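One letter stands for each residue in the lines below.
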Amino acid sequence: MVISMDKIRIEHLSIRYSDGTESLRDINLSIPANQITVLFGPAGGGKSTLLRALNRLNDLADVQEVSGQILFNGINILDPKLNVVELRRKIGMVFSRPVVLPLSIYQNVSYGLELMGERRKSKLDEAVERALRRAALWDEVYDRLHDPANAISGGQQQRLCLARVLALEPEVILLDEPTSALDPVSTARIEGLMQEIKEQYTIVWVPHNVQQAARMADYAAFFLQGELVEHGVGETLFVKPRDQRTQDYVTGRFG
Ligand SMILES: Nc1ncnc2c1ncn2[C@@H]1O[C@H](COP(=O)(O)OP(=O)(O)OP(=O)(O)O)[C@@H](O)[C@H]1O
């Protein structure tokens with residue numbers, strides 16, 4: 001497999017919460033463009049903390065100390081002067097439970113664009129359709145775009161959340177256990193969809209189990225208690241891990 005250029009470079013990143021918990025210790029990791037990078041490992045390893053750092057959501061959490069840097073297109077995401085709204089447009093996030101706004105299907109997708117000042121109806125219509133098509137939801141909702149978004153199924157709501165992110169034309173998509181609340185059919189749809197669109201984006205995925213990690217990973221990083229134990233090409237890491245702890249985890253000896 002050809003490894004493409006790095007989209008994000010994490011260098012010596014350490015994050016400590018105010019209660020003293022050191023959730024990440026000296027993390028060094030490159031995230032290649034146009035591929036799926038999976039961050040996996042047992043609960044409490046620091047995967048969500050890292051994902052949140054990538055679009056500065058930790059700003060809202062009880063974080064006491066952050067050191068190191070995260071370079072995105074050569075710019076340090078952690079720079080206090082960075083425009084966080086702009087960053088979150090380029091690096092979008094989908095959470096484990098679909099969080100739809102109490103608005104229509106259409107408005108859920110157009111919301112971000114309207115916030116950015118787009119008022120032209122033709123532009124909004126176009127962008128909404130494009131995002132819904134890309135999220136493989138258009139065929140299911142095109143005739144009820146103005147129905148409330150909470151009237152569609154959980155799996156459809158999760159694809160709607162993805163459409164909301166895609167409408168902003170992000171470069172990176174962060175997925176924090178995006179299928180943990182979904183049935184197997186909806187899960188397979190999201191997995192297939194991400195495989196289809198990954199070439200146009202950079203995807204960072206925290207999966208909800210090790211099987212999903214192995215299925216989705218072009219590239220994988222194994223986290224244990226704040227440490228990045230090992231990372232590498234998914235095929236290699238799951239079949240022939242270098243570290244005994246990774247081996248024990250992927251073979252189900254602890255979880
Ligand atoms: N807001 C917070 N305040 C204090 N400690 C926190 C906070 N959020 C996370 N932690 C701690 O940081 C460590 C890493 O947590 P994190 O949620 O990043 O791990 P994770 O690998 O994503 O786990 P999970 O699979 O359970 O989501 C844990 O020890 C956790 O208790």
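Small disclaimer: the values here were computed from a predicted structure and weren't measured.

*Asks:* Can you walk me through helix H7 (residues 184–197) in this structure?
*Replies:* Since the α-helix turns once every 3.6 residues, residues separated by three or four places project in the same direction. Taking 1.5 Å of rise per residue, the 14 residues of H7 would be expected to cover 20 Å, and the 20 Å separating its terminal C-alpha atoms lies within 8% of that figure. Restricting attention to buried positions, one finds in H7 the residues Arg189, Ile190 and Met194. With its buried residues spanning 125° around the axis, H7 presents them on a single face. In this structure, H7 carries Pro184, Val185, Gly192 and Glu196 as exposed residues pointing more than 90 degrees from its buried face. As for H7, its buried residues are in contact with strand E3 (36–40), helix H6 (154–166) and strand E8 (202–206).

*Asks:* Sorry, what's going on with unusual backbone geometry here?
*Replies:* The general pattern is negative phi for most residues beyond glycine and trans for most peptide bonds. With a phi close to 50°, His12 is a non-glycine residue in the positive phi region. When you line up the elements, His12 lands in strand E1 (residues 6–17). Unusually for a residue other than glycine, Asp26 sits at a positive phi of about 50°. Accessibility expressed as a C-beta count within 10 Å gives 14 for Asp26, which makes it partly exposed.

*Asks:* Explanation requested: the environment of Asp218 in the structure shown.
*Replies:* Relative to the helices and strands, Asp218 is located in the loop between helix H8 (210–216) and strand E9 (219–224). Put simply, Asp218 and Asn34 are 184 residues apart on the chain and 9.8 Å apart in space, counted from C-alpha to C-alpha. Ignoring anything within four residues of it in the chain, the contact list for Asp218 reads Gln35, Ile36 and Gly234.

*Asks:* Before we go on, may I ask you to explain the sheet that holds E8 in this structure?
*Replies:* Strand pairing in a sheet relies on backbone hydrogen bonds, with the paired strands running either antiparallel or parallel. Read from one edge to the other, the open sheet built from six strands follows the order E6-E7-E8-E3-E9-E10, with strand pairing classed as mixed. Lying at the two open borders of the sheet, with one neighbouring strand each, are strand E6 (91–94) and strand E10 (227–233). Averaged over all neighbouring strand pairs, the angle between strand axes comes to 15°, with direction disregarded. Contacting E3, E6, strand E7 (172–176), E8 and E9, helix H1 (residues 47–54) crosses the sheet at an angle of about 150° to E8.

*Asks:* Quick question: what am I supposed to make of the packing of helix H3 (residues 105–115) against helix H4 (residues 121–134) here?
*Replies:* Geometrically, a packed helix pair is captured by the angle between its two axes and the distance between the axes. Two elements in contact, H3 and H4, have axes separated by 9 Å at closest approach and are oriented at 115°. Between H3 and H4 lies a crossing whose hand is right-handed. Counted together, Tyr106, Val109, Ser110 and Leu113 of H3 and Leu124, Ala127, Val128, Ala131 and Leu132 of H4 form the full contact between these two elements. Classifying every residue of the contact of H3 with H4 gives eight nonpolar, one polar and no charged.

*Asks:* Please clarify how the UniProt feature "domain: ABC transporter" (unreviewed entry) in the protein chain should be interpreted in this entry.
*Replies:* Annotation from UniProt places "domain: ABC transporter" (unreviewed entry) at residues 8–250. A helix fraction of 37% and a strand fraction of 27% characterise residues 8–250, whose end C-alpha atoms lie 26 Å from each other.

*Asks:* Help me understand the nonpolar core, please; the structure alone is not making it clear to me.
*Replies:* Burial of nonpolar side chains together is a common tendency in soluble globular proteins. By size, the foremost hydrophobic cluster in this structure holds 63 residues, and its most contacted members are Ala163 and Ala220. Residue contributions to this core peak at six residues, all from H6. Ignoring sequence-local partners within four residues, the contact set of Ala220 consists of Val38, Phe40, Ala213, His231, Gly232, Gly234, Leu237 and Phe238.

*Asks:* Whenever I open this one, H6 confuses me. Can you help?
*Replies:* For H6, with 13 residues, the first-to-last C-alpha span of 18 Å sits near the 18 Å given by 1.5 Å per residue. The element H6 is extensively covered by neighbouring structure, given that 12 of its 13 residues are classed as buried. When H6 is considered as a whole, its buried residues turn out to be Gly155, Gln156, Gln157, Gln158, Arg159, Leu160, Cys161, Leu162, Ala163, Arg164, Val165 and Leu166. Along its buried surface, H6 packs onto E6, H3, H4, helix H5 (138–141), E7 and H7.

*Asks:* Hey, could you run me through the sheet that holds E1 in this one?
*Replies:* One open sheet accounts for four strands, arranged E2-E1-E4-E5; its pairing is antiparallel. Two strands lie at the open edges of the sheet, namely strand E2 (22–32) and strand E5 (75–76), each paired on one side alone. Pairing of E1 with E2 involves seven bridges; the strand directions are antiparallel. Bridge pairing links Ile8 to Ile31 in E2.

*Asks:* Sorry, what's going on with the site of the ligand here?
*Replies:* Near the ligand there are 14 residues, and of these Tyr17, Ser23, Ala43, Ser48 and Thr49 occur at the shortest range. If one sorts the elements of the shell around the ligand by residue count, H1 sits on top with three residues. Its residues placed into classes, the shell around the ligand shows four nonpolar, seven polar and three charged.

How each quantity is defined
Residues numbered from 1 in each chain as written. Predicted model: local features only at pLDDT ≥ 70, side-chain atom pairs only at ≥ 80, totals over all residues. Helix = DSSP H or I, 4+ residues; strand = E, 2+ residues; numbered from the N terminus. Expected span 1.5 Å × (residues − 1). Buried ≥ 20, exposed ≤ 12 C-beta atoms within 10 Å, placed from the backbone. Arc of directions from axis to C-beta. Contact = placed C-beta atoms within 7 Å. Pairing = 2+ DSSP bridges. Axes fitted to C-alpha atoms, helices over the stretch in contact; angles between N-to-C directions. Left-handed = near helix turned anticlockwise from the far one by under 90°. Nonpolar A, V, L, I, M, F, W, Y, C, P; charged D, E, K, R; others polar. UniProt positions renumbered as here; feature names shortened; annotations may be inferred. Core = buried A, V, L, I, M, F, W, Y, C linked by C-beta atoms within 7 Å. Near = placed C-beta within 6 Å.

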